[in-house]
Amino acid sequence: MRAHLARFDPVIVQAVIAGALSFSHLHDLAEAAGQGGWKAWAYPVSVDLLLVAAWRRMREQQRAGQPAGGPRLWFLIALAASLGANVATAGLLDLEHVPAPLRVVVAGWPAVAFFGGTLLAHAPRPTAVRTNPIPEPPTPEPPAAVAVDDESGPVSSPPQLPAAEASEKSTPAPVSPLPPALVERVQSLAAEYRASTGRAADADTVRTRLGLPASMTPSVAAHLRERTAP
């Protein structure tokens, strides 16, 4: 708390001094124009309040992206009244003999300030303009190919395999040749299996008993077919 109190802000001090001087000039001009007593003190309050209200409303509409012509107009009117009083009391005007047009302007200021303050107070609050992007319509998916059967109606077409899988399934696996000694072992195991079970030995059974890898199954089957062929 003490740090905030000890902080010196020259901008605030300058604003206080300028406000006090402007307030005094407006009071002196109003009093010289025939508005004595409490009315002379009310004039500077009216001018300063209109100036602040117009400035705030103008900034609100500018931040919301809306035109601020109305608040800017009332801000310039209040600024002209304050600046005119400062210039008039600088020795350019005889405050003992104020001209009649200036007396009319000072006497008519309350109505002008009331009208401007009412418009600023009852104007609708600005709302920020939001631009919502228009979503793009979803891309329709192409319909699946359907094969039409004359008897049973439409039938879904079979799924198509990728080119790599189709080539692998259409091309038979190459058969690796077996050594002659291994060929004799395959044939003897097949004969023993047929003698013990009465059935022909299959390639997986013979390959398993020989301890060969699964990739050798086509080679074993080829030699078994050669043995059983007439």
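None of these values were measured; they are calculated from a predicted model.

**Some thoughts on the overall build of the protein chain**
Within the protein chain one finds nine helices and two strands. Ordered by position from N to C terminus, the α and β elements of the protein chain give α-α-α-α-α-β-β-α-α-α-α. Sorting the 230 residues of the protein chain into buried and exposed places 23% on the buried side. Of the contacts formed within the protein chain by residues at least 6 apart in sequence, a portion of 58% connects residues at least 24 apart. Only carbon and sulfur atoms are counted for the fraction: they give 63% of the accessible area of the protein chain, which is about 16,800 Å².

**Topic: the packing of helix 2 (residues 10-32) against helix 4 (residues 69-92)**
For any two helices packed against each other, one specifies the crossing angle of their axes together with the interaxial distance. Where helix 2 contacts helix 4, the two axes come as close as 8 Å, and the packing angle between them is 75°. Classified by the angle their axes make, helix 2 and helix 4 are roughly perpendicular. Taken together, the residues of helix 4 that come into contact with helix 2 (itself represented by Leu 21, Ser 22, His 25, Leu 26, Asp 28 and Leu 29) are Ala 81, Ser 82, Ala 85, Asn 86, Ala 88 and Thr 89. Of the residues assigned to the contact of helix 2 with helix 4, the class counts are six nonpolar, five polar and one charged.

**Quick notes on the side chain of Gln 35**
Inspection of the secondary structure assignment puts Gln 35 in the loop between helix 2 and helix 3 (38-63). Given a relative accessible area of 14%, Gln 35 falls into the buried group. With near-sequence residues (within four places) excluded, Gln 35 lies in contact with Ala 30, Ala 40, Tyr 43, Val 106 and Ala 107.

**Structural notes on the pattern of salt bridges**
If you walk through the whole model with that rule in mind, you get one salt bridge. Between Glu 60 and Arg 57 there is a salt bridge, and its shortest N-O distance comes to 3.5 Å. Pair noted here: Glu 60 and Arg 57 are both in helix 3, with a separation of three residues, about one helical turn.

**Observations concerning the packing of aromatic side chains**
Using the criterion set out here, one finds three aromatic pairs in the structure. Relative to Phe 75, the ring of Trp 55 has its centre 5.6 Å away and its plane inclined at 45°; by these criteria the two rings are tilted. With Trp 55 in helix 3 and Phe 75 in helix 4, the pair connects residues that are 20 residues apart, well separated along the chain. When its relative accessible area of 43% is taken as the criterion, Trp 55 is described as partly exposed. When its relative accessible area of 17% is taken as the criterion, Phe 75 is described as buried.

**Description of the packing of helix 2 against helix 3**
Packing of helix 2 against helix 3 brings their axes to within 8 Å, and their N-to-C directions diverge by 130°. Judged on the interaxial angle alone, helix 3 and helix 2 are oblique. Where helix 2 crosses over helix 3, the two elements pack in a sense that is right-handed. Here Ser 22, Phe 23, Leu 26, His 27, Ala 30 and Glu 31 of helix 2 come into contact with helix 3, specifically with Ala 40, Trp 41, Tyr 43, Pro 44, Val 45, Val 47 and Asp 48. Of the residues contributing to the contact of helix 2 with helix 3, the split by class is nine nonpolar, two polar and two charged.

Rules of the game
- Residues numbered from 1 in each chain as written.
- Predicted model: local features only at pLDDT ≥ 70, side-chain atom pairs only at ≥ 80, totals over all residues.
- Heavy atoms only, no water.
- Helix = DSSP H or I, 4+ residues; strand = E, 2+ residues; numbered from the N terminus.
- Buried < 20%, exposed > 50% of the residue type's maximum accessible area, 1.4 Å probe, protein only.
- Contact = heavy atoms within 4.5 Å.
- Areas by Shrake-Rupley, 256 points an atom, 1.4 Å probe, with all protein chains shown as cover.
- Axes fitted to C-alpha atoms, helices over the stretch in contact; angles between N-to-C directions.
- Parallel < 35°, antiparallel > 145°, perpendicular 65-115°, else oblique.
- Nonpolar A, V, L, I, M, F, W, Y, C, P; charged D, E, K, R; others polar.
- Salt bridge = Lys/Arg side-chain N within 4 Å of Asp/Glu carboxyl O.
- Phe/Tyr/Trp six-rings, centres within 6.5 Å; stacked < 30°, edge-to-face > 60°.
- Left-handed = near helix turned anticlockwise from the far one by under 90°.

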